[in-house]
Amino acid sequence: MPERIYLSPPHMGENERRYVDEVFASNYIAPLGAFVDRFEKAVCDFTGAGAAAALSSGTAAIHLALRLCGVGEGDRVLASTFTFIGSVAPILYQNAEPIFIDSDASWNADPKLVEEAIIKERPKAFVLTHLYGQSAKVDEITEICERYGVPLIEDAAESLGATLHDRPTGTFGRFGVYSFNGNKIITTGGGGMLVSNDEEAIVHARKLASQAREPVTWYEHKELGYNYRMSNVLAAIGVGQMEVLPERIAQKREIFERYRRELEEFGEIEWMPEIPGSRGNRWLTTLTLRRSDPKKIIGALQAQNIESRLLWKPMHLQPLFRGAKVYGGSVSEDLFARGLCLPSGTAMSPEEQKRVSRIVKKAL
Ligand SMILES: *Cc1c(COP(=O)(O)O)cnc(C)c1O
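Residues numbered from 1 in each chain as written. Predicted model: local features only at pLDDT ≥ 70, side-chain atom pairs only at ≥ 80, totals over all residues. Heavy atoms only, no water.

### Re the nonpolar core
F39, V43, Y132, L160, Y178, F180 and M193 are the most contacted members of the largest nonpolar core, which totals 40 residues. Elements with a contribution of two residues or more to this core: α1 (16-26), α2 (34-47), β1 (51-55), β9 (192-196) and α8 (232-263). Top contributing element to this core by residue count: α8, with eight residues. Counting contributing residues per domain, this core is built from domain 1 (16-241) and domain 2 (245-363), each supplying no fewer than three. Contacts of Y132, omitting those with residues within four sequence positions, involve W107, E158, M272, N281, R282, W283, L284, T286, L311, W312 and C341. (Core = buried A, V, L, I, M, F, W, Y, C linked by side-chain atoms within 4.5 Å. Buried < 20%, exposed > 50% of the residue type's maximum accessible area, 1.4 Å probe, protein only. Helix = DSSP H or I, 4+ residues; strand = E, 2+ residues; numbered from the N terminus. Domains from an automatic or database assignment. Contact = heavy atoms within 4.5 Å.)

Okay, here's the thing in structure tokens:
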């Protein structure tokens, strides 16, 4: 069996291990410490966000953002339907009602449906996903949300480093969320970050993430909190990974360009678009097929020990959300039926990638 090629495995740089050694030397093996502060600062410096809180996951960051927007029992919250469960499960944690928004040709949320849903539903917040590292129409959507006074939470879990008009995704709305799960463009083995220009809100997020302990010498609690802070050990990995993020983005974009060159002759493939004025991080190379069945391609790759995947199954099709309201729906359903993610690990060699392309070509 040829060596396994994964979809998007971790890719460490030069310094991560050295920083973890420093943590061991200091014995600050705790959910606070110098590397947590440094990691938060590195993300602020890179994105231009005013403040950041390092957390145990991207899902935790979305949960805290909803809490800070005042989302509670029975509130309606808009969300992109074409996304990963971590984006919307926190709406249920708050006993709120998700209302799903379909994609347009950009694959991300359709601004027209966003406005229609805001007018009809008067939601308490909107969780907008930037899928697969490509910016949504977040300038238009920010403008709509501001016009109606709906707080925007950007799920930029997959799109760290992507920009629209040179502004990083995650910095348009009231809150932005990044993930450092094992398969993301950079990873801490598990982790997330909540960013905002509202520094007070981030201070509150850090408190909620630390069991909402009041600042007194004994353990005093006035509000409900969580254990959501990031460990100093993982933050040390994060600091090292932030140093290589620009290189990882360049590598992901190169992988995409190589697939495009190797596969476009068929006229059978359409690639996930990059909307005008945007520059994606191309976290995963994603595409739709005009006629072929994506499951066949996945099977052919699997037979050669290569991991690939269907696109996300829309949330309004998930049994968990049976009966949930959705604005539109057919665009993301069609993407799910015809789409595919190709292996996009930044440590993959051009030869390995050629092997993937050859199998895809043969299967087509
Ligand atoms: C990965 C991901 C999340 C959740 O992040 P975790 O760190 O795994 O909790 C949320 N939304 C999207 C779109 C993701 O891809």
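Having put the structure on the table, let's press on.
### Focus: the state of the cysteines
Under the definition given, this model contains zero disulfides. A disulfide-free cysteine, C69 has its sulfur positioned 10 Å from the sulfur of C145, the nearest such atom. (Disulfide = S-S within 2.5 Å.)

### Quick notes on the site of the ligand
Neighbouring the ligand are 15 residues, the closest being T59, D155, E158, S179 and K184. D155 is positioned such that a nitrogen or oxygen atom in its side chain is 2.7 Å from a nitrogen atom of the ligand. Contacts to the ligand include S179, whose side-chain N or O atom sits 2.7 Å from an oxygen atom. Along the lines of polarity and charge, the residues of the shell around the ligand split into two nonpolar, ten polar and three charged. (Near = heavy atom within 4 Å. Polar contact = N/O pair within 3.5 Å; in protein donor to acceptor, adjacent residues only side chain to side chain. Nonpolar A, V, L, I, M, F, W, Y, C, P; charged D, E, K, R; others polar.)

### Points about the domain arrangement of the protein
Annotation of the protein at the domain level lists domain 1 (16-241) and domain 2 (245-363). Opposite the 45 residues of domain 1 that make contact, domain 2 presents 41 residues. In total, about 3700 Å² of surface goes out of reach between domain 1 and domain 2, with carbon and sulfur atoms giving 67% of it. The largest contributions to the domain 1 side of the interface with domain 2 come from W107, Y132 and I185, which together make up 22% of the buried area. Seen at the junction of domain 1 and domain 2, the total is one salt bridge. Linking domain 1 with domain 2 are 23 residue pairs in polar contact (both at pLDDT 80 or more), by the criterion used here. Put simply, the parts of the chain that give the side of domain 1 that touches domain 2 at least two residues each are β3 (97-101), α5 (111-121) and β6 (163-164). With five residues, α5 is the single largest residue contributor to the side of domain 1 that touches domain 2. For the side of domain 1 that touches domain 2, the class distribution of residues is 22 nonpolar, 14 polar and nine charged. (Buried area = accessible area lost by both parts, 1.4 Å probe. Salt bridge = Lys/Arg side-chain N within 4 Å of Asp/Glu carboxyl O.)

### Overview of the packing of helix α3 (residues 58-68) against helix α7 (residues 199-208)
The relative placement of two packed helices comes down to the angle between their axes together with the axis-to-axis distance. One way to put it is that α3 packs onto α7 with a least axis distance of 10 Å and a crossing angle of 120 degrees. Taken as axis vectors, α3 and α7 run oblique relative to one another. Both α3 and α7 take part in a crossing whose hand is right-handed. Seen from α3, the contacting residues are L64, R67 and L68; seen from α7, they are A201, H204, A205 and L208. A per-class count over the contact of α3 with α7 returns five nonpolar, one polar and one charged. (Axes fitted to C-alpha atoms, helices over the stretch in contact; angles between N-to-C directions. Parallel < 35°, antiparallel > 145°, perpendicular 65-115°, else oblique. Left-handed = near helix turned anticlockwise from the far one by under 90°.)

### Focus: the sheet that holds strand β7 (residues 167-168)
Reading across the sheet, the three strands line up as β7-β6-β11 and stay open at both edges, with antiparallel pairing between neighbours. Two strands close off the open sheet at either side, each with one partner strand: β7 and β11 (278-279). Sheet analysis places β6 next to β7, joined by two bridges and oriented antiparallel. Among the inter-strand pairings, L164 is bridged to a residue of β7, identified as R167. (Pairing = 2+ DSSP bridges.)

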